[in-house]
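Chains, contacts and geometry: an overview
Below, each chain spelled out in residue letters.
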Amino acid sequence: MKSLLPAGWLLGGVGLGLLAWLWTVPVALATPCTVNCKSGQIQFTPGDRITIQVVNVGSRPLSLEQPPRLGPRLLYTGNTIETQVGWTTQPNPSVFFWSQERLPVRARLNRPNPTTLRVELFDAPSEPSDRSITIEADGRVSIK
């Protein structure tokens, strides 16, 4: 004769097995990107006042502009320009940059604190070149 286990025991065994598996699997927590971030990985709360730090970590001077607040400026190697933006005074704030020699430039995004965006500009080995960073209406920072 066959002996059958009651359904409750079977479900209880499956439940205990599942619980044991969940106990041993490490929990993956999503954390906001703060260092060496790519386009779209950093997001600010719309309406907050944000400080943008632009640093030239490359080997040649770069031109920089943040209309209408900051006209064209020359940013030498190792120098930083800092500006503050807000959505109420400037929707979709952008910072444009380019090489004086028309060589490719890349941007690396960092978020050292909740209201600061640090943009490190450096020499790119080849095209395509990054041309600007924009804080979109939803708060995401994109490199274009």
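Below, the structure is looked at part by part. (Residues numbered from 1 in each chain as written. Predicted model: local features only at pLDDT ≥ 70, side-chain atom pairs only at ≥ 80, totals over all residues. Heavy atoms only, no water.)

1. Some points on unusual backbone geometry
Negative phi values dominate among residues other than glycine, just as trans dominates among peptide bonds. Along the chain, Pro67 connects to Pro68 via a cis peptide bond; the corresponding omega equals -10°. Tracing the backbone through its elements, the reader meets Pro68 in the loop between strand 2 (62-66) and strand 3 (70-75). Cis geometry is found at the peptide bond from Glu127 to Pro128, where omega equals 5°. Checked against the element boundaries, Pro128 lands in the loop between strand 7 (116-123) and strand 8 (132-135). At Asn36, a residue that is not glycine, the phi angle is positive and equals roughly 50°. Mapped onto the fold, Asn36 is located in the loop between helix 1 (7-24) and strand 1 (50-56). Take Asn36: its relative accessible area is 47%, and that puts it in the partly exposed class. A positive phi angle is found at Arg102, which is not glycine, with a value near 60°. Structurally, the position occupied by Arg102 is in the loop between strand 5 (94-99) and strand 6 (105-113). (Helix = DSSP H or I, 4+ residues; strand = E, 2+ residues; numbered from the N terminus. Buried < 20%, exposed > 50% of the residue type's maximum accessible area, 1.4 Å probe, protein only.)

2. Considerations on the sheet that holds strand 1
On the basis of which strands lie adjacent, the open sheet formed by four strands has the order 4-1-7-6 and mixed pairing. Each of the sheet's edge strands pairs with one partner strand only, and the pair in question is strand 4 (80-85) and strand 6. When the angles between neighbouring strand axes are averaged without regard to direction, this sheet yields 20°. Alignment of strand 1 against strand 4, held across six bridges, turns out to be antiparallel. Its bridge partner lying in strand 4, Ile50 is registered against Val85. (Pairing = 2+ DSSP bridges. Axes fitted to C-alpha atoms, helices over the stretch in contact; angles between N-to-C directions.)

3. Notes on the side chain of Asp130
Here Asp130 shows up in the loop between strand 7 and strand 8. Buried charge Asp130 goes without a salt bridge, the closest partner of opposite sign being Arg106 at 4.7 Å. Setting aside chain neighbours within four positions, we find Asp130 in contact with Phe97, Val105, Arg106, Ala107, Ile143 and Lys144. (Lys, Arg positive; Asp, Glu negative; His and termini not counted. Salt bridge = Lys/Arg side-chain N within 4 Å of Asp/Glu carboxyl O. Contact = heavy atoms within 4.5 Å.)

4. Thoughts on the side chain of Ser63
Tracing the backbone shows Ser63 in strand 2. Not counting the four nearest positions on each side in its chain, Ser63 is found in contact with Arg73, Leu74, Phe96, Phe97, Trp98 and Gln100.

5. Regarding the sheet that holds strand 5
Across the sheet, five strands lie side by side as 3-2-5-8-9; this open sheet has antiparallel pairing. Here the strands that pair on one side only, and so sit at the sheet edges, are strand 3 and strand 9 (141-143). Taking the axes of each pair of neighbouring strands and ignoring which way they run, one obtains an average angle of 15° across the sheet. Relative to strand 5, strand 2 runs antiparallel, the two sharing four bridges.

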